[in-house]
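Inside the fold
Each chain, written out:
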Amino acid sequence: MRLAPPFPPCHMRAMSLWIVATLFAASIQALRFLLQKRLSLAGLSPAATTFARFVYAPPVLAIGLAIWMVATPGAALPDIGAGFWQFAAAGAVSQILATMCVVALFAYRNFAVGIAFSKVTVLMTVVTGFVLLGEAVTLPALIAMLVGFGGVVILSVPQGGGWQVFNRGSLLGLASGAFFSVSAVGYRGASLLVDSDAPVLRAAVTLALVTLLQTALLAAWLAWRNRAELWQVFRAWRVTALVGATSMAGSLGWFTAYTLQTAAYVNAVGQVELILSIGISWLILGERQTPREWLGVALVGLSVVALLVYQG
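**Structural notes on the overall build of the protein**
When its secondary structure is counted, the protein shows 14 helices and zero strands. Each helix and strand of the protein, placed in order from N terminus to C terminus, yields the pattern α-α-α-α-α-α-α-α-α-α-α-α-α-α. Considering the protein as a whole, with its 312 residues, one finds that 53% of them fall into the buried category. Intrachain contacts of the protein at a sequence separation of at least 6 include 85% that bridge at least 24 residues. By element, 73% of the accessible surface of the protein is carried by carbon and sulfur atoms, the whole surface being about 13300 Å².

Now the structure itself:
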């Protein structure tokens, strides 16, 4: 794999912004997964729980963009380049499948370990980004990512199950990681085709179009397979609206970061979400981690810190 310079040519402010956006997105996403776990425990299927995270975003984003256009003299929505919808559709469908895998994973492992599984996406994103966009990472960053991957492998071992890594939970985790990697690279590819110099505007436009597509796809699926659950999402609006709000805020952070930095770096720093999930798991859900799981968390944390220091 060819090696890239430590950073693409960009202003230091932009580098700082992608890190802030990533840390914000990871924090919000940890909260959103907690809300989604509560929905899944309440009896909603993975598809319905995933639908809840997308359905409220398109109208809110449309209103926000409209307000921005009215408040900004001469403002207009940016054009999108050829190939945008191919990247957006790949990212949208992959994110739906990845989220469904993570929600299904909650039934097999505790909350924090479930989130850890999804972080296997980091190394997969390196490969996907190189194949689809020609983007590579530096050797020190790759080593830090490998340390984090080692932590994820340790976390994949079921409690009391020896060192057997390949089980139903790990397969769901690997699947979520693969889908999330395609999603991240797809979103970065789509956002780069939005004709604007403003990262947040590019992110908002990409997010609005992607979530509109995701809402339509999941609504059609639920209407066909289980119409009762489709309405249950709206009946439980007090919780599902919070899922939607946290999802939209987190996604805006991820999309902003993807417009500024290679997806592999963004996802690697985003592993800090795992540390936050441990806190949520311990303080709110009353779940306890084993010493082996703490070792895995420590390795993931070390990987994130190394990337923050090196990339900062």
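**Observations regarding a nonpolar patch on the surface**
Taken together, the side chains of V127, F130, V131 and L132 make up a nonpolar region of the molecular surface, amounting to roughly 360 Å² of accessible area. With respect to the helices and strands, F130 occurs in helix α6 (residues 121-133).

**Focus on the packing of aromatic side chains**
The description of an aromatic ring pair rests on the distance of the ring centres and on the angle between the ring planes. In this structure the tally under the stated criterion is seven aromatic pairs. Judged by centre distance (6.4 Å) and plane angle (20 degrees), the ring pair of W254 and Y258 falls under stacked. Placement of the pair is W254 and Y258 together in helix α11 (residues 237-260), with a separation of four residues, close to one helical turn. Taking relative accessible area as the criterion, W254 reaches 9% and is therefore assigned buried. Connected via pairs of aromatic rings, a cluster forms that spans F51, Y56, W231 and F234. For R225, the ring lying beneath its charged end belongs to W224, and the centroid distance is 5.2 Å.

**Quick word on the packing of helix α4 (residues 84-105) against helix α9 (residues 199-225)**
Running from amino to carboxyl end, α4 crosses α9 at an angle of 55 degrees, the nearest separation of the two axes being 9 Å. One element, α4, and the other, α9, form an angle in the oblique class. The crossing of α4 and α9 is right-handed. Of α9, the residues touching α4 (which contributes F84, W85, A88, A89, G91, A92, V93, Q95 and I96) are T206, L209, V210, L213, Q214, L217 and L218.

**Concerning the packing of helix α3 (residues 57-71) against α9**
Contact geometry for α3 and α9: axes closest at 8 Å, N-to-C directions at 150 degrees. Between α3 and α9, the angle is such that the two are roughly antiparallel. As for the relative orientation of α3 and α9, their crossing is left-handed in sense. Of the residues in α9, those in contact with A57, P58, L61, L65 and W68 of α3 are L201, A204, V205, L207, A208, T211, L212 and T215. Classifying every residue of the contact of α3 with α9 gives 11 nonpolar, two polar and no charged.

**Quick look at α6**
Looking only at α6, the buried set comprises T121, V122, L123, T125, V126, T128 and G129. One or two residues past the end of α6 sits G134, with phi positive at roughly 70 degrees.

**Some remarks on the environment of V300**
Along the chain, V300 turns up in helix α14 (residues 291-311). A sequence separation of 149 residues divides V300 from G151, and the C-alpha atoms of the two residues are 5.3 Å apart. Every residue in contact with V300, bar those within four places of it in the chain, is listed here: G148, G151, V152, Q271 and L274.

**So, the nonpolar core**
One broad rule of soluble globular proteins: the nonpolar side chains tend to lie buried together. Counting 43 residues, the largest nonpolar core has W18, M145, W254, F255, Y258 and L307 as its most contacted members. Per-element tally for this core: the top contributor is α9, with seven residues. L44, A47, A52 and V55 belong to the second-largest nonpolar core, a separate cluster that totals 14 residues.

**A closer look at the side chain of T128**
When you line up the elements, T128 lands in helix α6. In contact with T128, not counting residues within four places along its chain, are L133, S181, V182 and V185.

**Structural notes on the confidence of the model for the protein**
Keep in mind that low pLDDT regions are not for reading the predicted coordinates in detail. Chain-level statistics for the protein give a pLDDT mean of 79 and a share of 80% at 70 or above. Confidence scores differ between elements of the protein, with helix α5 (residues 111-118) showing the lowest mean pLDDT of 60 and α9 the highest of 92. Low pLDDT, under 50, characterises residues 1-14; the predicted model gives this stretch 25 contacts beyond four residues in sequence or across chains.

**Brief notes about the side chain of T256**
Relative to the helices and strands, T256 resides in helix α11. Judged by its relative accessible area of 5%, T256 falls in the buried class. In this structure the side chain of T256 is engaged in a polar contact, spanning 2.7 Å, whose partner is the backbone oxygen of L252. Sequence-distant contacts of T256, that is, excluding residues within four places in its chain, are made with L17, A21, P199, V200 and A203.

Criteria and cut-off values
Residues numbered from 1 in each chain as written. Predicted model: local features only at pLDDT ≥ 70, side-chain atom pairs only at ≥ 80, totals over all residues. Heavy atoms only, no water. Helix = DSSP H or I, 4+ residues; strand = E, 2+ residues; numbered from the N terminus. Buried < 20%, exposed > 50% of the residue type's maximum accessible area, 1.4 Å probe, protein only. Contact = heavy atoms within 4.5 Å. Areas by Shrake-Rupley, 256 points an atom, 1.4 Å probe, with all protein chains shown as cover. Patch = residues over 30% accessible without salt bridge, like charges linked within 9 Å, V, L, I, M, F, W, Y side chains within 5 Å. Salt bridge = Lys/Arg side-chain N within 4 Å of Asp/Glu carboxyl O. Phe/Tyr/Trp six-rings, centres within 6.5 Å; stacked < 30°, edge-to-face > 60°. Lys NZ or Arg CZ within 6 Å of the ring centre and 35° of its normal. Axes fitted to C-alpha atoms, helices over the stretch in contact; angles between N-to-C directions. Parallel < 35°, antiparallel > 145°, perpendicular 65-115°, else oblique. Left-handed = near helix turned anticlockwise from the far one by under 90°. Nonpolar A, V, L, I, M, F, W, Y, C, P; charged D, E, K, R; others polar. Core = buried A, V, L, I, M, F, W, Y, C linked by side-chain atoms within 4.5 Å. pLDDT = per-residue confidence, 0-100. Polar contact = N/O pair within 3.5 Å; in protein donor to acceptor, adjacent residues only side chain to side chain.

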